[in-house]
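Structural description and commentary
Next come the chains, spelled out residue by residue.
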Amino acid sequence: MNEPQPYRRAPGRDVDTTRLWRATVNGETIVGHPGDTLASALLANGVRLVARSFKYHRPRGLLGAWTEESCAFFDVRCGARRETNVRATEWPFMDGLVARSVNCWPGPRVDALAAVGRFAAMMPAGFYYKTFLWPRWTLFEPLIRRMAGLGRLEVAPDPVRYEPRRAEYDVIVVGAGRAGRLAATEAAGQGVRVLLIDDRQRFAAGDARVAPGVTTLGATSVLHLDRTGRLVAHERVSEPTSPSPHERLWHLEARAVVLATGAIERSLLFPDNDRPGVMLASAALDYLVRYGVLTANRPILATNDDSAYGVAGALLEAGCPPAAIVDLRAAGPALRPTLSDVPVIAGAEITGVHYRAGAIRGVTFQTQGGSRGSVEGDGVLMSGGWTPQLQLLACAGARLAVSPPDGVLEGRDGPPNVFVCGAARGVRDALELERDAADAGACAAAFARDGTTSSRVPALRVPSPEPPFNPHRLARQWVDFQNDVTAADVELATREGYANVEHLKRYTTLGMAIDQGRTSQLNALGLLAHFTQASRAALGPSRLRPPVTPVPFGALAAGRTGLQLAPLRILPAHRQHVAAGARFEEHGGWWRPSAYPRGGESFDAAVRREALVVRTAVGVMEASPLGKIEVRGSDAAEFLDRVYLQTMSTLPVGRIRYGLMLDERGIILDDGVTARLAPDCFHVGTTSGGLARVLANFEEWLQLDWPDLRVLVTDMTAAWGVVTVTGPAARALLERLGGDIALGADAFPHLHWRVGHLGGQPARVYRVSYTGEPSYEINVRRDATAALWERCLEAGRDLGVAPFGLEALMTLRTEKGYLHVGSDTDSATQPADVGFGQVIVRKTRDFIGRRSLLLPEARRTDRPQLIGLQAVDPAAPLAAGAHVLGAGGGGELARHLPSQGWISSAYYSPQLRRYVALARVRGGRERLGETVEVYDDGVSTAAQIVSPVAFDPEGRRVVA
Amino acid sequence: MSSLEPLPSTHDFEPTPRGFTAEGLAVQALPAEGALSLRLPRIASTEWRRRTGALVWPEATGERRSSDGVEIWCLSPVLWWLFTTPAALPPLAAMIAEALGDELHQAIDQTSALAGVELGGARAADLLAQGIALPLARLSNDHGVRTLLGTVPVLLCNEGAERWRLRFDAALGAHVSHWLWQAATVAGLDPAERRR
């Protein structure tokens, strides 16, 4: 190879050095080999400065070698694949790869926002929250919004094929390191079905590392484990840079789970520990063994743990002798022999890192005796002890705690079917690890086979020595590298009262985001204990939550994108609507016509024409989505009295009554009409979108609160289709359909129902109106709906009939001031707010929500009340969402007035030739006639508060 | 939802499910069926079973039994569904009403409420496993279960070797068709519309 890779010293276990690939990183070409990661290729090419920190834009290098990496994030592009915020340590190197560091511009070497670091003192812990208090949030908001977030989201179509999969096994072993493989082998040997998962390795068929009978799932990260043994995992089926990338989201079930998830090395706290070239010692060893890459030519090891000596030995063997080992422990290594060729400075802590011209030049240190010194070197490798990877155990319900007096990390109250082994259990000795893993595998197999619980403690006890406190320049000691949290931030947070570990996390963002505290949590806990003079046991680690590792949204959504985002219901007469030129929209989970534009007609023109047709002739609408529930039983009337604001038990058979359903807080849940079909049977109508909620409430109340009531509730929505005929000529149209139902105004008055035949179909007809015109809802069997629809249009041709959509319906009901739950109500709306106060007073029997309606809060006269608004200038438009302000604040002044309410519905009324609007305004009903300002998106309009009913206030038309 | 992605040309919205084929897979819509839902008392006597003559009733929730062209599902101790041909349903409903008398709390003709599809082929179970949480391998012919396909409530049964039936809200026919089509695509199959 004639390409320079100054730090590539050996072939490396995972790379194929016979092939050379090129990639562009931050505009510069680097080379690497198949098997490299982006991180290892960067290091091999001598690139140390790879990122800028999140908050202060400090130069950053690589900290780790796999999921513990918390600095090096890139936006990458390879062929059609674009991915945002990938870890350089996890993303494979690929020929033609283009990568750009996030959070810097134009690049990490020269970053325009690096100046932010100079103001670090002005951005302490809780800075973001403090901007809410002083001087004011809006001052900082534009800048913070511009700076927030990492990476650039791609809007191009995602070429990845995301596949959801499910499987079940007797035992699932997470982690295919030595302990995991041994545990899987032991379990499989006992005749149970075993799945072995690893997030880093890929397994070939007949992989010699895996025992026969063990199924493998490589390149798969487990995201969550629950108490019952269900796991969610993300598999990268193909390499992410494959021409046809393929990923899977697995839902797995296991009777028993073995966690062999290993441990991650912690960083050490010393000034400037975030400089490029300072990394975890275990990561340096990983780069050397897997990729044949040296991270420094003359590294300095800083440690409080024996494992650094093993790294030093490996480096020596690779021809890269460490400059020195700075050991915090006065006694030096406990178990390992010192290396004769490597000087050990025992009982010393680093007091500074010399970083000049983009490279580390050495460190200064101070011994416990107070003497100072320095060591020259071009890299610093930290080894601050090991943190077991217990996120999955915590997800499964175990409570992690640091126990006194020896400070061991414990998982308490874990489920009995989860067994931890290997380094995740604190086992580091090779022989002991073999025994431990085999025991875990055997216990898991026994549990899976017959539920045998073992004496093995399913959780763990891992020694966790208290991290030493380094008193030098706290503001330069980074605890959380990803979120730029320093020891000084922890100190400030505790001074400001955030002395609980969960408060500290939220106040400083320590342990949040991608890193999830992998390298920082125990260090932070030690600092918190130091600053509060409390024990770590009393403080405890913060709660760990899923997902354990970042997962693409595409994988989480697997199978639920686009049309599959939510079930979409199609109307029975869908083909007829399409043929009539309908424009559709989703409404309450149904794909419904919003209008039927004709020829070159605009959408708005179509809506106005349709609304006028209903007012002057007759319109037809398919209303099949209306919820239809049959409530039957000897206690049906009693039940409905309890769940509706209105009294339904007094409703005679053959009649219909409007009702409001409330929750326990007196908030409006839904509305609809109820028809009494028989003394013990009611048809309850709901809104289209409210059906599921109403049904769930009915079942809950019947099964949990009133199991003594003899009532059955059945959803009939899917079985029935509905065609609504409405307008002055509606009756005439129905008469032309032919049938045996008497339709005269006296024979079939408003709010009554009849059963018989119409248009040759068995039908149940409800005379109810949402338009203010005479209306008939014709219910037929679902498969007869399309024929009835066609028949209505044909029969009404000479009456001027036209289909109308939801937009026209909304216009018509707004003219009449009819309530639309969801538009004119919100999660605080009570019946009195929308004009049903008298019903509450009249109803003496108890019903759900009644007690809340009698509280003083519900009786306040300044609650937002439903009123109508009429613009002073009839040509002025009114829009839903606009704020209603006090009078006298026209123009630019208006925006500074406090809002007194908002417009909840607004439409142009072709009948009245002006906009009609419903609004919720504080104390609105007492303010009829008052002129207010309506402010919307910079435009202020004068409007008068009027009655909600803008058309036919006497209601004569609907009963005609 | 303000806008929707363009639909695959083979899956324009239809009120009924549409069939397609792929390697190791055939999906076809079920013909129209008569369907009847029954609500019975929480603690029913055994007498009513005898009174319904030749009908074979399941013994437990999640089971189904077939006899004389009538398939009966027990979805809970108080909720039962019967499937037969549309023509056979009215006399069957009348017979049951008469036989059960007061023990029948509610009988509702659900004939037009449901639609269905049948999946056949070696890959059918793989496809269903993308959206169904139940261990499909454990479902025998005698099982008839109410579950979710993705987010859609379905009635699922195994019709024998590599054959499965799904019944669902008729209004969701297009959605289920599209789900199956998408699942086949994601699974690396190459679905093609069945000629109508």
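To keep things clear, this report deals only with the structure shown in the data block.

Thresholds, definitions, all that
- Residues numbered from 1 in each chain as written.
- Chains lettered and ligands numbered in written order.
- Predicted model: local features only at pLDDT ≥ 70, side-chain atom pairs only at ≥ 80, totals over all residues.
- Heavy atoms only, no water.
- Helix = DSSP H or I, 4+ residues; strand = E, 2+ residues; numbered from the N terminus.
- Buried < 20%, exposed > 50% of the residue type's maximum accessible area, 1.4 Å probe, protein only.
- Areas by Shrake-Rupley, 256 points an atom, 1.4 Å probe, with all protein chains shown as cover.
- Contact = heavy atoms within 4.5 Å.
- Buried area = accessible area lost by both parts, 1.4 Å probe.
- Salt bridge = Lys/Arg side-chain N within 4 Å of Asp/Glu carboxyl O.
- Polar contact = N/O pair within 3.5 Å; in protein donor to acceptor, adjacent residues only side chain to side chain.
- Pairing = 2+ DSSP bridges.
- Axes fitted to C-alpha atoms, helices over the stretch in contact; angles between N-to-C directions.
- Parallel < 35°, antiparallel > 145°, perpendicular 65-115°, else oblique.
- Left-handed = near helix turned anticlockwise from the far one by under 90°.
- Nonpolar A, V, L, I, M, F, W, Y, C, P; charged D, E, K, R; others polar.
- Patch = residues over 30% accessible without salt bridge, like charges linked within 9 Å, V, L, I, M, F, W, Y side chains within 5 Å.
- Core = buried A, V, L, I, M, F, W, Y, C linked by side-chain atoms within 4.5 Å.
- Phe/Tyr/Trp six-rings, centres within 6.5 Å; stacked < 30°, edge-to-face > 60°.
- Lys NZ or Arg CZ within 6 Å of the ring centre and 35° of its normal.

1. Regarding the overall build of chain B
The helix and strand tally for chain B stands at four helices and twelve strands. Here chain B holds 196 residues, and 55% of them are scored as buried. If you sum the accessible surface of chain B, you get close to 8400 Å²; carbon and sulfur atoms cover 53% of it.

2. What to know about the interface of chain B and chain A
Often the size quoted for an interface is simply the accessible area lost on bringing the parts together. At the interface, 39 residues of chain B touch 40 residues of chain A. Summing both sides of the interface, chain B and chain A together bury roughly 3700 Å²; the carbon and sulfur share of this comes to 53%. At the junction of chain B with chain A, the criterion picks out two salt bridges. One salt bridge connects Arg 569 of chain A with Asp 169 of chain B, and the closest N-O pair in it is separated by 3.1 Å. Inspection of the region where chain B meets chain A yields 14 residue pairs in polar contact (both at pLDDT 80 or more). For the side of chain B that touches chain A, the secondary-structure elements that each account for two or more residues are strand 7 (106–109) and helix 4 (173–186) of chain B. Here the side of chain B that touches chain A takes seven residues from helix 4 of chain B, the largest share from any one element.

3. Some points on the pairing of strand 21 (residues 372–376) of chain A
Successive side chains on a regular strand alternate, one facing one side of the sheet and the next facing the other. All names here are of chain A. As defined by bridge partners, strand 20 (residues 359–367) adjoins strand 21 across five bridges and the pair is classed as antiparallel. Looking across to strand 21, one finds that Gln 366 is bridged to Arg 372. Hairpin connection between strand 20 and strand 21: a loop of four residues separates the two successive antiparallel strands, and Gly 370 in this loop has a positive phi of roughly 100°.

4. Points about the pattern of salt bridges
Residue and element names in this part refer to chain A. The tally for this structure, following the rule as stated, stands at 65 salt bridges over all chains. Of the charged contacts in the structure, one is a salt bridge between Arg 290 and Asp 14, with a shortest N-O distance of 2.9 Å. Note that Arg 290 is positioned in helix 5 (residues 281–291) and Asp 14 in the segment before strand 1 (21–25), a separation of 276 residues in sequence. Arg 290 gets classed as buried once you look at its relative accessible area, which sits at 17%. Residue class for Asp 14 comes out partly exposed when judged on its relative accessible area of 29%.

5. Concerning the sheet that holds strand 45 (residues 883–885) of chain A
Residues and elements named next belong to chain A. Strand order in this closed barrel of six strands is 44-47-46-45-48-49, and the pairing throughout is antiparallel. Across the sheet, the mean angle from the axis of one strand to that of its neighbour is 45°, orientation sign disregarded. Judged from the six bridges that link them, strand 44 (residues 864–871) and strand 47 (residues 914–922) form a sheet pairing that is antiparallel. Opposite Leu 869, over in strand 47, you have Ala 917 as the bridge partner. Sheet strands in contact with helix 20 (residues 806–816) are strand 46 (899–909) and strand 47, and its direction is about 120° off that of strand 46.

6. Re the sheet that holds strand 19 (residues 348–356) of chain A
Residues and elements named next belong to chain A. The strand order across the open sheet built from three strands is 19-20-21, with neighbouring strands paired in antiparallel fashion. Across the chains shown, the open sheet's two edge strands, defined by having one partner strand only, are strand 19 and strand 21. Looking at each pair of strands side by side, their axes are set apart by 25° on average, direction ignored.

7. Focus on the packing of helix 9 (residues 487–495) of chain A against helix 11 (residues 521–532) of chain A
Residue and element names in this part refer to chain A. The N-to-C vectors of helix 9 and helix 11 enclose an angle of 45°; their axes lie 10 Å apart at closest approach. Overall, the two elements helix 9 and helix 11 adopt an arrangement that is oblique. Note that helix 9 runs across helix 11; the crossing there is right-handed. Contacts from Ala 487, Val 490, Glu 491 and Thr 494 of helix 9 reach helix 11 at Leu 527, Leu 528, Phe 531 and Thr 532. Of the residues in the contact of helix 9 with helix 11, the class split is five nonpolar, two polar and one charged.

8. What to know about a nonpolar patch on the surface
All names here are of chain A. Judged by side-chain polarity, Tyr 128, Tyr 129, Phe 132, Leu 133 and Trp 134 come together as a nonpolar surface patch covering roughly 630 Å² of accessible area. As for its placement among the helices and strands, Tyr 128 is situated in helix 2 (residues 127–133). Overall, the relative accessible area of 39% leaves Tyr 128 in the partly exposed class.

9. Notes on the nonpolar core
Side chains of nonpolar character tend, in soluble globular proteins, to be buried together. By size, the foremost hydrophobic cluster in this structure holds 75 residues, and its most contacted members are Leu 38, Leu 62, Phe 74, Phe 270 and Tyr 287 of chain A. Counting 50 residues, the second-largest nonpolar core is a separate cluster that includes Leu 231, Ala 398, Leu 510 and Ala 524 of chain A.

10. A short note on the packing of helix 16 (residues 636–643) of chain A against helix 17 (residues 691–705) of chain A
Residues and elements named next belong to chain A. Put simply, helix 16 and helix 17 touch, their axes get as near as 12 Å, and they point 115° apart. As far as their axial angle goes, helix 17 and helix 16 are roughly perpendicular. Where helix 16 crosses over helix 17, the handedness of that crossing is right-handed. Taken together, the residues of helix 17 that come into contact with helix 16 (itself represented by Phe 639, Leu 640 and Val 643) are Phe 698, Trp 701 and Leu 702. Its residues assigned to classes, the contact of helix 16 with helix 17 shows six nonpolar, no polar and no charged.

11. Comments concerning the packing of aromatic side chains
Applying the stated criterion across every chain yields a total of 20 aromatic pairs over all chains. Considering the side-chain rings of Trp 81 of chain B and Phe 83 of chain B, the 6.0 Å spacing of their centres and the 25° angle between planes classify their relative orientation as stacked. Here the two residues Trp 81 of chain B and Phe 83 of chain B agree in accessibility, since each one is buried. Pairwise contacts between aromatic rings join Tyr 128, Tyr 129, Phe 132, Tyr 498 and Tyr 507 of chain A into one cluster. Between Arg 48 of chain A and the ring centre of Tyr 7 of chain A, over which it is positioned, the NZ or CZ distance is 4.1 Å. The positively charged end of Arg 167 of chain B is found above the aromatic ring belonging to Phe 83 of chain B, 4.0 Å away from the centroid.

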